[in-house]
Amino acid sequence: REVTEQALESQGDGKPMRISLVIADDETVHGLNRDYRGLDEITDVLAFPLWESRDNEAQGSDGFVLPSEETTPVGEIVVSYPQAARQARDGKKLLRAEMALLIVHGVLHLLGYDHADAQQESHMWARQDQVLEKVSIR
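Residues numbered from 1 in each chain as written. Predicted model: local features only at pLDDT ≥ 70, side-chain atom pairs only at ≥ 80, totals over all residues. Heavy atoms only, no water.

Peer 1: So what's going on with the pattern of salt bridges? Residues and values would help.
Peer 2: For the structure on display, the rule yields five salt bridges. Of the charged contacts in the structure, one is a salt bridge between Asp-26 and Arg-86, with a shortest N-O distance of 2.8 Å. Of this pair, Asp-26 sits in helix α2 (residues 26-37) while Arg-86 sits in helix α3 (residues 81-90); the two residues are 60 residues apart in sequence, bridging distant segments of the chain. The partly exposed category is assigned to Arg-86, whose relative accessible area is 27%. One salt bridge in this structure joins Asp-90 and Arg-89, with 3.9 Å as the shortest N-O distance. Comparing Asp-90 with Arg-89 shows no difference in burial state: the two are exposed. (Salt bridge = Lys/Arg side-chain N within 4 Å of Asp/Glu carboxyl O. Helix = DSSP H or I, 4+ residues; strand = E, 2+ residues; numbered from the N terminus. Buried < 20%, exposed > 50% of the residue type's maximum accessible area, 1.4 Å probe, protein only.)

Peer 1: Let's hear about the nonpolar core: which residues, and what values?
Peer 2: A general tendency of soluble globular proteins is for nonpolar side chains to be buried together. Residues Val-3, Ile-77, Val-79, Val-104 and Val-107 are the most contacted members of the largest nonpolar core, which totals 22 residues. Elements supplying a minimum of two residues to this core: α1 (2-11), β3 (72-80), α4 (95-110) and α5 (118-134). The greatest single-element share of this core, amounting to eight residues, is contributed by α4. Setting aside residues up to four positions removed in sequence, Val-104 forms contacts with Val-3, Ala-7, Gln-128, Val-131 and Leu-132. (Core = buried A, V, L, I, M, F, W, Y, C linked by side-chain atoms within 4.5 Å. Contact = heavy atoms within 4.5 Å.)

Peer 1: Tell me about a nonpolar patch on the surface, residues and numbers included.
Peer 2: Taken together, the side chains of Leu-21, Ile-23 and Tyr-81 present a nonpolar region at the surface, about 260 Å² in accessible area. On the basis of relative accessibility, which here comes to 44%, the residue Ile-23 falls in the partly exposed class. (Patch = residues over 30% accessible without salt bridge, like charges linked within 9 Å, V, L, I, M, F, W, Y side chains within 5 Å. Areas by Shrake-Rupley, 256 points an atom, 1.4 Å probe, with all protein chains shown as cover.)

Peer 1: Before we move on, can you summarise the layout of surface pockets with the specific residues and values?
Peer 2: By volume, the largest pocket amounts to about 270 Å³. Looking at the largest pocket, the residues that line it are Tyr-36, Arg-37, Thr-43, Asp-44, Val-45, Leu-46, Ala-47, Phe-48, Pro-49, His-105, His-109 and His-115. Mapped onto the lining of the largest pocket, the elements with two or more residues apiece are α2, β2 (45-49) and α4. It is β2 that provides the largest number of residues to the lining of the largest pocket, a total of five residues. Split by residue class, the lining of the largest pocket holds six nonpolar, four polar and two charged. Quantified by volume, the second largest pocket comes out at close to 220 Å³. If you trace the second largest pocket, you find it lined by Arg-1, Thr-4, Glu-5, Leu-8, Glu-9, Lys-15, Pro-16, Met-17, Arg-18, Ile-19, Ser-20 and Leu-21. Every element with two or more residues in the lining of the second largest pocket is listed here: α1 and β1 (17-24). The dominant element in the lining of the second largest pocket, judged by the number of residues it contributes, is β1, at five residues. Among the residues making up the lining of the second largest pocket, the classes are represented as five nonpolar, two polar and five charged. (1 Å grid on protein atoms, 1.4 Å probe; cavity = no way out; pocket = protein on both sides within 12 Å on 5 of 7 lines; lining within 4 Å. Points joined across faces, edges and corners; volume = space filled by probe spheres on them. Nonpolar A, V, L, I, M, F, W, Y, C, P; charged D, E, K, R; others polar.)

Peer 1: Can you tell me about the packing of aromatic side chains, naming the residues and giving the values?
Peer 2: Under the defined criterion, the tally for this structure stands at one aromatic pair. Plain terms: the ring middles of Tyr-36 and Phe-48 are 5.4 Å apart, the flat faces sit at 75 degrees to each other, and that makes the pair edge-to-face. Highlighted residues: Tyr-36 in helix α2 and Phe-48 in strand β2, separated in sequence by 12 residues. Under the relative-accessibility criterion, Tyr-36 is labelled exposed at 59%. Its relative accessible area of 22% is what places Phe-48 among the partly exposed residues. (Phe/Tyr/Trp six-rings, centres within 6.5 Å; stacked < 30°, edge-to-face > 60°.)

Structure below.
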């Protein structure tokens with residue numbers, strides 16, 4: 001929770017935001033990756049933004065106007081716990097640190113960060129490190 005809150009606060013405009021975080025098994029994440037990204041393979045974390053565009057927070061991508069709320073719904077993150085455990089073991093890291101990294105990574109994707117090219121990757125990785133530093137996990 002602390003990691004998620006810190007990642008959201010690092011980019012927030014002062015408005016409270018909320019996400020859904022799912023810790024799942026490999027089969028679930030594999031199925032989601034196949035069905036939604038067209039990649040028939042396991043992955044460590046998936047992010048599903050609630051809206052295509054954050055330009056108009058009061059209007060969803062389908063044109064429906066949302067009721068005003070105290071918190072802004074951002075989306076959902078799904079983490080494969082077994083994949084995180086394998087990556088932690090392979091990288092000789094604590095599982096807690098790997099989970100924190102994946103959660104921050106997912107939150108940043110929900111907030112519009114990407115790593116499709118070297119410049120985006122550099123920017124996203126720097127932001128990940130900043131958030132993890134604040135929660136003393138690297």
